[in-house]
Amino acid sequence: MSAQVVLFACSKCFTRHEFHELSPGQNLCKECRGAYPIVKCTYCRSEFQQSSKGSTSTICKKCEQNVKQYGKPSACEYCNIIAAFIGSKCQRCTNSELKYGPAVTCEQCKQRCAFDRQDDNKKIDGKLLCWLCTLSYKRALAKARQVETERRMAKKRSHSSDKTAQQQIKENNAKKLQRNELNKGSSGVPEIAEKMARVANSGSIDPNSSDHVVAMTQLKETIASLQKKLTLKDKELLQKDKMITELKAQHFTAETELRNKMKEEERMFESKVDMLNQKVASLLKEIASLSKTTKRRGNAVKNENSSSQAAKDSGGSGTDSPSTN
């Protein structure tokens, strides 16, 4: 079951769209983005979209709120943008200074208004640029890409038109060749049709006329020839179908035999393993029985030796004891 897509409303027309279809910041759909012009703020120099077509305001909403709250700004001591509402620095430079440390010299405008992020990926062509120079570079790069894209599209359209003209010529030549072969293979059908048309246009069709008989004969011969060709093609198709069926049958038979062989070998292998396991179990039992027998014999021999030794000891003591009178 597919996940439900979450839709978001446009801030102008309130139509609902997917999140990636809305513009970042103002959440405008494609139609609203095209309907209202994009201008630069007089103070912070950031781009924003006007709220209506007839609007002449060039101040973004954030700067409007700051003007109402703090009054008109002064020039920032770093970037010289007239956006310092609080103190001598604009909000952008203040945040960058807190985050990345003191400002350094921009390699493009040579002003001390850039901030080193300690990341080479953030640099532009290996250069440390300020915010304004970065925007200028990106606009120039986007324009160059647009020009390159338009040039490629124009070249592609020109190549496509040339290719289309060549294809049209090839198709016309192929059609002509096909018509010639058809006329050649149909044994004069167009000529026969032309004769039949002339006879029909004359208004007097005589079944016994020579032209009518010749035309009918030629048509019958052409039909018979075409039917013969169709019969041959049908036979070829039947032979190919028969060959395909035989190959499929051979493949099925070979596959079945291979599977049966594998099953038989697997069965024989399992049988051998079972037999070997039984043999091992029998040998283990035999070994255990032999060990028990050997142990019993050893104990019997030991007991016998002990008895004989005891007997010897008792006999010897009787002989050596003194006789009493």
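Procedures and definitions
Residues numbered from 1 in each chain as written. Predicted model: local features only at pLDDT ≥ 70, side-chain atom pairs only at ≥ 80, totals over all residues. Heavy atoms only, no water. Helix = DSSP H or I, 4+ residues; strand = E, 2+ residues; numbered from the N terminus. Buried < 20%, exposed > 50% of the residue type's maximum accessible area, 1.4 Å probe, protein only. Contact = heavy atoms within 4.5 Å. Areas by Shrake-Rupley, 256 points an atom, 1.4 Å probe, with all protein chains shown as cover. Salt bridge = Lys/Arg side-chain N within 4 Å of Asp/Glu carboxyl O. Core = buried A, V, L, I, M, F, W, Y, C linked by side-chain atoms within 4.5 Å. Phe/Tyr/Trp six-rings, centres within 6.5 Å; stacked < 30°, edge-to-face > 60°. Lys NZ or Arg CZ within 6 Å of the ring centre and 35° of its normal. Patch = residues over 30% accessible without salt bridge, like charges linked within 9 Å, V, L, I, M, F, W, Y side chains within 5 Å. Lys, Arg positive; Asp, Glu negative; His and termini not counted. Charge placed at Lys NZ, Arg CZ, Asp CG, Glu CD. pLDDT = per-residue confidence, 0-100. Disulfide = S-S within 2.5 Å.

## Description of the overall build of the chain
Then, in step 1: In terms of helices and strands, the chain carries six helices and six strands.
Then, in step 2: Put simply, the chain runs from its N terminus to its C terminus through helices and strands in the order β-β-α-β-β-α-β-β-α-α-α-α.
Then, in step 3: Within the chain, the fraction of its 325 residues that count as buried is 14%.
Then, in step 4: Long-range contacts, defined as pairs at least 24 residues apart, comprise 20% of the intrachain contacts of the chain with a sequence gap of at least 6.
Then, in step 5: Carbon and sulfur atoms make up 55% of the accessible area of the chain, which totals about 26,500 Å².

## Structural notes on the pattern of salt bridges
If the charged atoms of two oppositely charged side chains come close together, the side chains can form a pair.
Then, in step 1: Inspection of the entire model under this criterion finds six salt bridges.
Then, in step 2: Here glutamate 77 makes a salt bridge to lysine 89, at a shortest N to O gap of 3.9 Å. On the criterion of sequence distance, the pair formed by glutamate 77 in the loop between β5 (74–75) and β6 (82–84) and lysine 89 in the loop between β6 and α3 (91–100) is long-range, its members being twelve residues apart.
Then, in step 3: Using a relative accessible area of 23% as the deciding quantity, one classes lysine 89 as partly exposed.
Then, in step 4: Here glutamate 264 ties to arginine 267 by a salt bridge, and the two come within 2.3 Å at their closest N and O atoms. Here glutamate 264 and its partner arginine 267 are both found in helix α6 (residues 210–320), three residues apart, which amounts to about one turn of the helix.
Then, in step 5: Residue arginine 267 is classed as partly exposed on the basis of its relative accessible area of 47%.
Then, in step 6: Each of Glu77, Lys89 and Glu97 takes part in a single network of salt bridges with overlapping partners.

## Details of the nonpolar core
Then, in step 1: Cys41, Cys63, Tyr78, Cys79, Cys93 and Cys106 are the most contacted members of the largest nonpolar core, which totals 24 residues.
Then, in step 2: With residues up to four places along the chain from it excluded, the contact list for cysteine 79 reads Cys90, Cys93, Gln111 and Cys113.
Then, in step 3: Membership of the second largest hydrophobic core comes to five residues, among which are Cys10, Leu28, Cys29 and Cys32.

## Side note on the packing of aromatic side chains
Any pair of aromatic rings gets described here by the distance separating the centres and the angle formed by the planes.
Then, in step 1: Under the counting rule described, the total for this entry stands at two aromatic pairs.
Then, in step 2: Aromatic side chains tyrosine 43 and phenylalanine 85 sit 6.1 Å apart centroid to centroid with 90° between the ring planes, which places their arrangement in the edge-to-face category. Of this pair, tyrosine 43 sits in the loop between β3 (38–40) and β4 (47–49) while phenylalanine 85 sits in the loop between β6 and α3, placing them 42 residues apart in sequence.
Then, in step 3: On the basis of an interplanar angle of 75° and a centroid distance of 6.1 Å, the ring pair of tyrosine 78 and phenylalanine 115 is categorised as edge-to-face. Placement of the pair is tyrosine 78 in the loop between β5 and β6 and phenylalanine 115 in the loop between α3 and α4 (131–185), with a sequence separation of 37 residues. Each of the two residues, tyrosine 78 as well as phenylalanine 115, counts as buried.
Then, in step 4: Cation over ring: arginine 92 sits above tryptophan 131, and NZ or CZ is 3.5 Å from the ring centre.

## So, the side chain of threonine 134
Then, in step 1: Following the sequence through the fold, threonine 134 ends up in helix α4.
Then, in step 2: With sequence-adjacent residues up to four places away left out, threonine 134 is seen in contact with Ile124 and Leu129.

## Comments concerning the side chain of serine 96
Then, in step 1: Counting through the fold element by element, serine 96 comes out in helix α3.
Then, in step 2: When neighbours within four sequence positions are excluded, serine 96 is seen to be in contact with Gly101 and Phe115.

## Topic: a positive patch on the surface
Then, in step 1: A cluster of basic residues, Lys99, Arg117, Lys122 and Lys138, forms a positive patch at the surface.
Then, in step 2: When you line up the elements, lysine 99 lands in helix α3.
Then, in step 3: Of the residues examined, lysine 99 reaches a relative accessible area of 64% and is grouped as exposed.

## So, the confidence of the model for the chain
Then, in step 1: A residue-level look at the chain finds 76% of positions with pLDDT of 70 or above and a mean pLDDT of 78.
Then, in step 2: Ignoring residues within four places in sequence, the model shows residues 185–189, a span with pLDDT below 50, making six contacts including any to other chains.
Then, in step 3: Below a pLDDT of 50 lies the segment residues 319–325, which in the model reaches zero contacts outside its immediate sequence neighbourhood of four places, other chains included.

## Topic: unusual backbone geometry
Then, in step 1: Of note in this structure, arginine 45 is not a glycine but carries a positive phi near 65°.
Then, in step 2: In this fold, arginine 45 is placed in the loop between β3 and β4.
Then, in step 3: Phi is positive for lysine 110, which is not a glycine, with a value near 65°.
Then, in step 4: Mapped onto the elements of the fold, lysine 110 is located in the loop between α3 and α4.
Then, in step 5: Residue lysine 110 is classed as exposed on the basis of its relative accessible area, which comes to 60%.

## Topic: the state of the cysteines
Then, in step 1: Per the stated rule, a full pass over the model turns up zero disulfides.
Then, in step 2: In this model cysteine 41 remains outside any disulfide bridge; the closest cysteine sulfur is found in cysteine 44, 3.6 Å from its own.
Then, in step 3: Overall, the relative accessible area of 0% leaves cysteine 41 in the buried class.

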